[in-house]
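Now for the letters of each chain:
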Amino acid sequence: MSRPKKSLGQNFLHDANIARKIVDSMHLQRDNRVVEIGPGKGALTGFLLEKLSHLTAIELDDELALQLRATFSEKLTLILGDVLKVDLKTLAKQLGGKVRIAGNIPYNITSPILFWVIDARESVRDCTLMMQHEVAQRLTAKPRTKDYGILSVFAQYYAAPKLLFSVSPKSFTPVPEVTSAIVYLNFSGGGPQQPQALNDSIFRAVVRGTFGKRRKTLRNGLRGLGVPAQELKNISLSLNRRPEELTVTEFVSLADELTRHNVNISFHSTRQKHDA
Ligand code: SAM
C-alpha cells in the first residue's frame, strides 16, 4: 500500500462517528442519485451505501479505485479520473435526474470543485462537502467582514451555504495542518431566495472585476472592466463604496443596471473563473 499522496490532498477520515454524522446530515432516501467526490479508502462510501440503492463515486487515484472496487458491491459505480473532467450535466442525465453531491474533497481544488458544481447547478440538488474551515467561513461570510469575497457572493447567490459543523485535524490520517468543516449547499431553491441577475455573465464579471481590486472603489473596479466613465453616471448605487460592503442583492442590482444600460463589459479583464 503506497503512502498518502499530498499532491492529491489525501488526508483520510478515520473517525467513523464523524463519517456517520456527515452521511446522517444528508437525510438520504434510498433512490437518491448521489455522486461522491474522492472516496479515497471509503470512509464515507460505506455509510452512504448503507442508505442508498446505488452510489456513483469519482476517484483519481487508480490504486485506491482498485481497492474500492474490490471492497464495495456492484451498488458502487466507480469512475476513475479527475472529477473536474467529468461532465456533471451528462452524468446527471445518465443517472436520471438531479444529483446530490457528497465528499471529503481534496482541499487544493476546493474552488474549482465549487465552480464545477455551480456551472452544472441545474443538474444538482445539493452538496455536502468537507473543506478547510477557513474556506467554509469564506463561503458563509457576511458583507463588511474580512472573509467576505468572491466565493461568499457566488456561494450565497447560487446555493445558500450553511456551515454544519467543524471537524478536528485529529480525525484524519495523516493529520492535516488545518481544521475542517462540513458545508451544505442547496441548489434547489430551498434556502433564502436571492433575486436572479438578468445576465449571469455580467453578474459574474462585476463580482470578479470589483473584488479583483478589493481595496478600490466600485467605480475603479468597473473602470478596470472597461466600462466608460460616462456610462457609470447612470448607476444609482454609490460607486464610491467598496465591493466588500455590498450585499449579494446589491451586486445583482448593480449588474442588472449595467445590463439594462447595455454597458460594454470587458470579460477578458476578469480573472479566470476558477481563480476565486
Ligand atoms: N473521502 C475520503 C475520506 O474521507 O477519507 C478521502 C478524502 S481525501 C481528503 C481526498 C480524496 O480525493 C483522495 O482519495 C484523493 O485521491 C481524491 N482526489 C484528489 N484529487 C482528485 C480529483 N481531481 N478527482 C477525483 N478525486 C480526487
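A.B. asks: How should I be thinking about unusual backbone geometry in this particular structure?
C.D. replies: Of all residues except glycine, most have a negative phi; of all peptide bonds, most are trans. At the junction of T173 and P174, the peptide bond is cis and its omega measures out at -10° in the coordinates. Although it is not a glycine, R144 adopts a positive phi angle of roughly 65°. Along the polypeptide, R144 turns up in the loop between α6 (133–140) and α7 (150–159). Among the residues examined, R144 registers a relative accessible area of 60% and is labelled exposed. The phi dihedral of N262 falls on the positive side, at around 55°, and the residue is not glycine. Inspection of the secondary structure assignment puts N262 in the segment after α11 (248–260).

A.B. asks: I keep staring at the pairing of strand β2 (residues 34–37) and nothing clicks. Help me out?
C.D. replies: In the case of a regular strand, side chains alternate between the two sheet surfaces. Burial along β2 is two-sided: the face carrying V34 and E36 and the face carrying V35 and I37 are both buried. Note: β2 against strand β3 (residues 55–59), four bridges, orientation parallel. Of the residues in β3, the one forming a bridge with E36 is A57. You can see the chain leave β2, run along helix α2 (residues 45–51) and come back into β3, and the turn it takes is right-handed. Relative to strand β5 (residues 99–104), β2 runs parallel, the two being bridged by three bridges. Paired with E36 across the strands is A102, a residue of β5.

A.B. asks: Got a minute to help me understand the pairing of strand β4 (residues 76–80) in this structure?
C.D. replies: Taken together, the five bridges between β3 and β4 define a ladder with parallel strand orientation. Bridged to A57 within β4 is L78. On the question of chirality, the crossover connecting β3 to the parallel β4 by way of helix α3 (residues 62–71) is right-handed.

A.B. asks: Looking at this structure, how should I read the site of the ligand?
C.D. replies: Around the ligand sit 23 residues in total, of which Q10, L13, G38, E59 and N104 are the nearest. Within the backbone of L60, a nitrogen or oxygen atom sits 3.3 Å from a nitrogen atom of the ligand. At 2.9 Å, a backbone N or O of V83 approaches a nitrogen atom of the ligand. Summarising the interface, the protein chains cover 97% of the accessible area of the ligand, which totals 590 Å² for the free molecule.

A.B. asks: Can you walk me through the side chain of D126 in this structure?
C.D. replies: As for its placement among the helices and strands, D126 is situated in strand β6 (residues 124–132). In this structure D126 comes out as buried when scored by relative accessible area, which is 1%. At 2.8 Å, the side chain of D126 forms a polar contact with the side chain of R100. Reaching out from D126, the side chain makes a polar contact with the side chain of Y184 at a distance of 2.8 Å. Excluding its chain neighbours within four sequence positions, the residues that come into contact with D126 are V99, R100, I101, Y184, L185, N186 and F187.

A.B. asks: I'm lost on the domain arrangement of the chain in this one. Help?
C.D. replies: Quoted interface sizes are often the accessible area lost when the parts come together. Examined at the domain level, the chain breaks down into domain 1 (8–186) and domain 2 (200–260). One C-alpha centre belongs to domain 1, the other to domain 2, and the line joining them spans 32 Å. In this assembly, 16 residues from domain 1 lie in contact with 15 residues from domain 2. Both faces combined, the contact of domain 1 with domain 2 buries some 1,300 Å², and carbon together with sulfur accounts for 61% of it. Put simply, R121 and D200 hold a salt bridge, and the shortest N to O gap is 3.5 Å. Mapped by element, the contributors of at least two residues to the side of domain 1 that touches domain 2 are α5 (110–118) and α7. Of all the elements, α7 adds the most residues to the side of domain 1 that touches domain 2, at six residues. Split by residue class, the side of domain 1 that touches domain 2 holds nine nonpolar, three polar and four charged.

A.B. asks: Where do I start with the packing of aromatic side chains in this structure?
C.D. replies: By the definition in use, this model includes seven aromatic pairs. Centre to centre, the rings of Y157 and Y158 are 4.7 Å apart; their planes meet at 70°, and the pair counts as edge-to-face. Just as Y157 is buried, Y158 falls in that class too. Through a chain of ring-to-ring contacts, the aromatic side chains of F115, F154, Y157, Y158 and F203 assemble into a single cluster. Its guanidinium or amino end placed over the ring of F12, K41 lies 4.6 Å from that ring's centre, counting from NZ or CZ.

A.B. asks: What is the right way to look at the environment of E257 in this model?
C.D. replies: Note that E257 resides in helix α11. By relative accessible area, E257 is classed as buried at 14%. For the pair E257 and Q10, spaced 247 residues apart in sequence, the C-alpha to C-alpha distance is 45 Å. Every residue in contact with E257, bar those within four places of it in the chain, is listed here: N234, I235, S236 and L237.

Thresholds applied
Residues numbered from 1 in each chain as written. Predicted model: local features only at pLDDT ≥ 70, side-chain atom pairs only at ≥ 80, totals over all residues. Heavy atoms only, no water. Helix = DSSP H or I, 4+ residues; strand = E, 2+ residues; numbered from the N terminus. Buried < 20%, exposed > 50% of the residue type's maximum accessible area, 1.4 Å probe, protein only. Pairing = 2+ DSSP bridges. Right-handed = clockwise from strand over helix to strand, strands pointing away. Near = heavy atom within 4 Å. Polar contact = N/O pair within 3.5 Å; in protein donor to acceptor, adjacent residues only side chain to side chain. Areas by Shrake-Rupley, 256 points an atom, 1.4 Å probe, with all protein chains shown as cover. Contact = heavy atoms within 4.5 Å. Domains from an automatic or database assignment. Buried area = accessible area lost by both parts, 1.4 Å probe. Salt bridge = Lys/Arg side-chain N within 4 Å of Asp/Glu carboxyl O. Nonpolar A, V, L, I, M, F, W, Y, C, P; charged D, E, K, R; others polar. Phe/Tyr/Trp six-rings, centres within 6.5 Å; stacked < 30°, edge-to-face > 60°. Lys NZ or Arg CZ within 6 Å of the ring centre and 35° of its normal.

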